[in-house]
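# Secondary and tertiary structure notes
Listed below are the residues making up each chain.
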Amino acid sequence: DESQDLSFPTLQFVCNQENCIKCYVGDSSQSIYSFRFATDALSNPMLDDYRNLYLTQSFRYTQRIADIANEVLSWKSKYSDYQHIPIVGLQQAIIIPNRAYITRTNFSLLNQAYNVAQQGRDLFIEGGLNLDNFHKLICDFNRIRLGQTPTLPYLAKNKNLAEFKNMYAISEDFEMLNLVRLVETFKNESINIIPSIQRRSVKKENSDIVLTNTHKSKGLEYNSVTLADDFIKFEDMTPLMQQAGFA
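Note that the structure is predicted; figures quoted are calculated from it, not measured. (Residues numbered from 1 in each chain as written. Predicted model: local features only at pLDDT ≥ 70, side-chain atom pairs only at ≥ 80, totals over all residues. Heavy atoms only, no water.)

This part takes up the side chain of asparagine 213. Here asparagine 213 lies in strand E7 (residues 209-213). Polar side-chain contacts of asparagine 213 include one of 3.2 Å to the backbone nitrogen of histidine 215. Here lysine 216 takes part through its backbone nitrogen, which lies 2.8 Å from a polar atom of the side chain of asparagine 213. Excluding anything up to four places from it in sequence, asparagine 213 contacts Ile102, Thr103, Arg104, Asn106 and Leu109. (Helix = DSSP H or I, 4+ residues; strand = E, 2+ residues; numbered from the N terminus. Polar contact = N/O pair within 3.5 Å; in protein donor to acceptor, adjacent residues only side chain to side chain. Contact = heavy atoms within 4.5 Å.)

What follows concerns the environment of leucine 161. Within the element layout of this structure, leucine 161 appears in helix H5 (residues 161-171). Along the primary structure leucine 161 and arginine 181 are separated by 20 residues, whereas in three dimensions their C-alpha atoms are 8.6 Å apart. The residues contacting leucine 161, other than those within four sequence positions of it, are Phe141, Ile144, Arg145, Val180, Val183 and Glu184.

Read across the sheet, 4 strands follow the order E6-E7-E5-E8 without closing on themselves; strand pairing throughout is parallel. Each having just a single partner strand, strand E6 (123-125) and strand E8 (224-227) make up the two edges of the open sheet. For this sheet, the mean inter-axis angle between neighbouring strands, taken without regard to orientation, is 25 degrees. Of the strand pairs in this sheet, strand E5 (residues 99-103) and E7 are connected by 4 bridges, and their pairing is parallel. Within the sheet, the bridge partner assigned to isoleucine 102 lies in E7 and is threonine 212. Contacting E5, E6 and E7, helix H3 (residues 106-118) runs over the sheet at an angle of about 165 degrees to E7. (Pairing = 2+ DSSP bridges. Axes fitted to C-alpha atoms, helices over the stretch in contact; angles between N-to-C directions.)

A separate point is the packing of aromatic side chains. All told, the structure shown has 6 aromatic pairs when counted by the stated rule. On the basis of an interplanar angle of 90 degrees and a centroid distance of 5.9 Å, the ring pair of tyrosine 114 and phenylalanine 186 is categorised as edge-to-face. One end of the pair, tyrosine 114, is in helix H3; the other, phenylalanine 186, is in helix H6 (residues 174-186), with 72 residues separating them in the sequence. You can call phenylalanine 186 partly exposed: its relative accessible area is 30%. Over the ring of tyrosine 82 we find lysine 76, and its NZ or CZ is 4.5 Å from the ring centre. (Phe/Tyr/Trp six-rings, centres within 6.5 Å; stacked < 30°, edge-to-face > 60°. Buried < 20%, exposed > 50% of the residue type's maximum accessible area, 1.4 Å probe, protein only. Lys NZ or Arg CZ within 6 Å of the ring centre and 35° of its normal.)

This next bit is on helix H4 (residues 131-145). Its 15 residues place the ends of H4 21 Å apart at the C-alpha level, agreeing with the 21 Å of an ideal helix rising 1.5 Å per residue. Turning to H4, its buried residues are Leu131, Phe134, Leu137, Ile138, Cys139, Asp140, Phe141, Asn142 and Ile144. (Expected span 1.5 Å × (residues − 1).)

In this section: unusual backbone geometry. Note: most peptide bonds trans; most residues except glycine with negative phi. Even without being a glycine, asparagine 19 presents a positive backbone phi close to 60 degrees. Among the secondary structure elements, asparagine 19 is positioned in the loop between helix H1 (8-15) and strand E2 (38-39).

On to the packing of H5 against H6, then. One way to put it is that H5 packs onto H6 with a least axis distance of 8 Å and a crossing angle of 155 degrees. By the angle between their axes, H5 is roughly antiparallel relative to H6. As for how H5 packs across H6, the hand of that crossing is left-handed. Facing Leu161, Phe164, Lys165, Tyr168 and Ala169 of H5, the residues of H6 in contact are Met176, Leu177, Val180, Arg181, Val183 and Glu184. Split into classes, the residues belonging to the contact of H5 with H6 amount to 8 nonpolar, no polar and 3 charged. (Parallel < 35°, antiparallel > 145°, perpendicular 65-115°, else oblique. Left-handed = near helix turned anticlockwise from the far one by under 90°. Nonpolar A, V, L, I, M, F, W, Y, C, P; charged D, E, K, R; others polar.)

Turning to the pattern of salt bridges, a few remarks are in order. Think of it this way: side chains of opposite charge can pair up when their charged atoms draw near. Counted according to the given criterion, the structure contains 6 salt bridges. For arginine 200, the salt bridge goes to aspartate 122, with nearest N and O atoms at 2.9 Å. Of this pair, arginine 200 sits in the loop between helix H7 (193-199) and E7 while aspartate 122 sits in the loop between H3 and E6, and the two are 78 residues apart along the sequence. Look at arginine 200 and you get partly exposed, because its relative accessible area is 26%. (Salt bridge = Lys/Arg side-chain N within 4 Å of Asp/Glu carboxyl O.)

This is the structure in structure tokens:
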């Protein structure tokens, strides 16, 4: 999946696999990680012999939104050899919540969900989130903080939270790094964060607020939207753009 943003070694590795069916799924119009040296596998000569199949129907939005997307995407053909394949929106009815809170990261989403739960308000997480997995990680990081043995074997290789922070900082796994920082901040209270969120989680139509991230909110509508403060500011992007040769 997301083959428009593969690293070249990953593409080469998958292409070299034998005795298996290979299917590359992606959208070249959504290729956004070239600044991290990603390559669009869908336009790579290594896949020239593959058959192209187009996913042209979606249940995530109505035809009104599809019409706008078709119009915008058709502009690309005016300055490139892009061939637009029209898309169809099959969603028939939309429940438009009064309020939505959109984040960039899952960590920020969890933090806001916990704040909402602490206020006694009902919430719905758009697109879902593996809360049980986050709970296991938080509990284990708290065990490590207390000098106890974690239940997840792969977390047992490091002795303390400082080692995890260093490892996740080097690997740029900021979601895991933020989970460690969360446990450092809330200490024993951290193990109550996910259960608090789960107790206040209800169906979308019954929620006081919808929480989601930018990826899972694509094509959806909300009457009032608040953006989290975890988005990269333009001034922070400038050095990255200069490094990539875009500025």
